[in-house]
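# Coordinate analysis (summary)
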Amino acid sequence: MAGEFKKNMRKRIFIVAVVIVFLFTLDAGRLFYLQVIANDDLAAKAESQQLSDTEIPAMRGTIYDSEGNVLAQSATVWNIYIDPGNIKSQETRALVVNGLSRYLEYDEDEKDELLEKTNKDTRYVIVEEKVENDVKEQISQYTADNKLGNVIGTEQTTKRYYPYNSFASSVIGFTGSDDQGLSGIESYYDDELTGTNGRIVTVKDAVSNKLPTDYETSIEATDGNSLVLTINQSVQYYLEKGLRSTMEEYNAKGAYGIVMDCNTGAVLAMSSMPDYDCNEPYKITYKKTKKEIKKIKDKDEKAKAESAAIQNQWRNFTVSDTYVPGSVFKTFIASAALEENVVTLDTHYNCTGGIRVENYTMKCHYHAGHGYQNLTQGLENSCNPFFITIGQKLGVHNYFKYFEAFGFTQKTGIDLPGEASPQYYKEDQYGIVELSSASFGQTNSLTPIQVCTGLCAIANGGTLLKPYMVSEIKDAQGNTVKKTEKTEVRRVISEETSEKVRSMMKSVVDEGTGKNGYVAGYRVGGKTGTSTKLGESKEGEKTKYIVSFAAIAPSDDPQIAMLIIVDEPNEDLGGGALCAPIAAQVVEEAMTSLNVEPKYDKEEAKKLSITTPSLIGKSVSNAKDTVTNSGLEYKIVGSGKTVISQSPSASSKIPSGGVVVLYTEKKSKKTTKIPDFSGMSVSEANAAAAEKNINIEISGNDLSSSSVIAYRQSVDAGTEAEIGTVVTVSFKNTKSVLD
C-alpha cells in the first residue's frame, strides 16, 4: 500500500514538474518573441502611444518676376482637428460642435457632419484644412475659454498664394492640395521650390494628453529655394492685355505670344489665352467657352466639355503645342538663301498670281499677281511664288541644313514642362512639291517657342540661343544658389545676312503687310503669317485659320524678338490686322522698360508732340502770345487778367496745333467725358476730340488709308477729365491679307 502511494506521488510530482517546465518554456518563448522577434513592432506601438510626432511643413519657395515682384508665395495656415476620444459628455460635444460651426461658418448640413465626426472611435479627426490665421486665433481662444484643449487642436501647414491671380498663369502654373507643383514653373522646378519638413516630438501621458514642453523635441523645417523669373511685369501685362482683348473681340479659339531678349535668350513675356486664375485653376474663365458649355443639356457631355475647357486653359500653347508657321517662315528661307548666295537683294521675280509645281498650281494670296519685284518687295508682299522659286534654288539639302540649324528639328530645352516635339519632313522625304510648300511656311509644324528662338538668331547677328525662364535660384536666406548664363547653341547665319534680313523685315512694317506693327522712333521689323488649319473644318464650315506676326525691335540694333498668334478668329483677317497691333503696343512698352531711347527720322520728327510752355502767373495777353508762338492754340476760361492754372500742365506733351486751356479764376476748371474713339477714322476722331475740347495725339502708320480705324486710346472712354487733356489714340489698318 505504502509502495503504491509512493508510486502515485512520484507520478504526480513528475506531471507537475512537466507542467512547470512547460509553462516556464512557454513564458521563455513568449519573452523571446516579445523581446527579440516582435521587438521593433512593439516598440513602435509603445512609442506611438507615448509620443506625439507632429510635422512642421516647410515653406515653398517664392517666385519673383525680374524686378522682384512676388508672383507666387506660401504663407502659414492651420488645420483644425478634434480628439473624439476625449469627449466625455454631451455638454462637451455641444461646445465643440457649436463653437467650431460658428467660427468656421458652417451651415446646418456641415454642422451635422461635424457632429458625426465627434462620435468617431478614433483620437484624431481633421475638421477643416488650411484655415486662415485670424480664424485659427478665434478658435484657439474659444478652446482656452471653454477648457477644450484636450479635444480641439490646431496644426500648422502652408497655403500657396498668387497675388496677381491670372497674371502669367500659363508660365507660373499652380500647386495641388498637397503643395506639389502641378503645372508650369511650379511643376518644372518642384524639387527646388519644395523644402524639407521639420518635426515636433512631444511625450504624452497615460490618457494621451501632451505633457509640458520640457518633454518636447523639435527639428526646424528648411524652406524651399526661391526663383527669380526673366518675366518683365510691364511687358507681360501689355502682352496679356492685347492678346485677351483681340481674342474676345474676334471670338478666337485662343491667342498666344512670346517676347524674348534676343541677345540672351531670356523670355521677357509669355502668355497663352484663355488663361486662368492660379488661385482658382479649376474655374473656367473664357466667356465664349462658358456660353458654349451652358448650351449643353446632357450631363455627361457637359462634364466632359468642362473638363476639356479646364485642361485647355492650363495648356501653354507656346511650348506644348505645334502649329504651321505660314509666311513668318519666309524670314528663315530668305536668311538661308542669302547665306548660301543663291539670291541677293537685287534678285527679281515676276509674280503672275501662281506657279506650276509638277501637277499642282500653287497660288499667291494675291491672285492677280504682284508683278515684277525684288527680294525685299517679295517679303513685303509675302509673295508665295517668289519664295517657292527661292526654295527650289536652295535645294533640299541646303533647305534642310538651315531648317536644322535654326533649331527646328529638336526641342529648345526651355525650362518649362511639356515641351512638344516638332513635326517635320526628314531630308529624304522631300520632293519638289514638299520643298515648294515648305518654302512659304507650310508642310511642317513647329512650336511657337522654336519659331521665336529662331527669330532671335536672325535678330542678334546669327547665333541660336537656348531660351530660359528662370534667371536665378536663391536659398531661404536669399543667397544665390544658381544663376542662368546665356547658352549659345550654334552660329546659324553671318552678321551680314542678319543685317540684310532685318532690313527687309523693317520694310515689311514700313511698306508691306505689317504696317500695323509700326512704332514711331523704334524701327520695328516684322513679318505676317497665315496658315490654313487643314482637316479641322467640318463640311459646310468656314475655313479655319491661324494668323501670326513676328517682330524684332529696333531693327538696326535689336533688343527683343516677338511672336504673336491668334487662333481661329471669326473674321478672315490676317496677322497684319490682328497680331501686328498687339506687337506694336508691346514693342512700345518693352523699349521703355529696357531704357531704349527712340530715334526719330525727319518725317517722324515733324509729327512729334511739343512741350507745353509754363503759363501760370503770366498775364493773359503774354500767355496768348507764348502759346501762339509755340504753334499751339488757346482757350480762355474765366474773366481774370492773370493765368492761375493751365491744361495740359507745363512741360507735358501736346500735339502741334493743340489747344491749351488757360484758367483765370479759382474754381473755374471745366471737365468733360472722354469719348470712345474705337472704330473711328482719323477725321472722325479729330472731330470728336474737338467737340469735347480735348487734344488727341494720333499714333499709327498708313494713316491716309480709308481702312484705318482707331482701336486703342490712352485714357478710357467715359473718364471724366479736364478739358485740354491729351489722349493718345492708336489707329490700325483693317485691310489685311491672309498671306
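Read on for a plain summary of the structure.

About the criteria used
Residues numbered from 1 in each chain as written. Predicted model: local features only at pLDDT ≥ 70, side-chain atom pairs only at ≥ 80, totals over all residues. Heavy atoms only, no water. Pairing = 2+ DSSP bridges. Helix = DSSP H or I, 4+ residues; strand = E, 2+ residues; numbered from the N terminus. Axes fitted to C-alpha atoms, helices over the stretch in contact; angles between N-to-C directions. Contact = heavy atoms within 4.5 Å. Patch = residues over 30% accessible without salt bridge, like charges linked within 9 Å, V, L, I, M, F, W, Y side chains within 5 Å. Areas by Shrake-Rupley, 256 points an atom, 1.4 Å probe, with all protein chains shown as cover. Salt bridge = Lys/Arg side-chain N within 4 Å of Asp/Glu carboxyl O. Lys, Arg positive; Asp, Glu negative; His and termini not counted. Charge placed at Lys NZ, Arg CZ, Asp CG, Glu CD. Buried < 20%, exposed > 50% of the residue type's maximum accessible area, 1.4 Å probe, protein only. Arc of directions from axis to C-beta.

### Quick word on the sheet that holds strand β24 (residues 645-647)
- As summarised here, the arrangement of the three strands in space is β23-β26-β24, forming an open sheet in which the pairing is mixed. On the outer flanks of this sheet lie β23 (633-637) and β24, each paired with one strand and no other. Strand-to-strand twist across the sheet, computed as the mean angle between neighbouring axes with direction ignored, equals 25°.
- Across three bridges, the pairing between β24 and strand β26 (residues 659-663) is antiparallel. For Q646, the partnering residue across the bridge sits in β26 and is L662.
- Sheet contacts for helix α22 (residues 620-629): β23 and β26; angle to β23, the most-contacted strand, approximately 155°.

### Notes on a negative patch on the surface
- Judged by side-chain charge, D107, E108, D109, E110, D112, E113 and E116 come together as a negatively charged surface patch.
- Inspection of the secondary structure puts D109 in helix α4 (residues 108-118).
- Judged by its relative accessible area of 56%, D109 falls in the exposed class.

### Describing helix α23 (residues 682-691)
- The complete set of buried residues in α23 reads V682, A685, A688 and A689. The buried residues of α23 all sit within an arc of 125° when viewed along its axis, so they share a single face. What points out from α23, more than 90 degrees from its buried face, is the exposed set S683, A690 and E691.
- Summarising the contacts, the buried residues of α23 are in contact with β28 (695-699), β29 (708-713) and β31 (726-733).
- Two residues or fewer past α23, N693 is found with a positive phi of approximately 60°.

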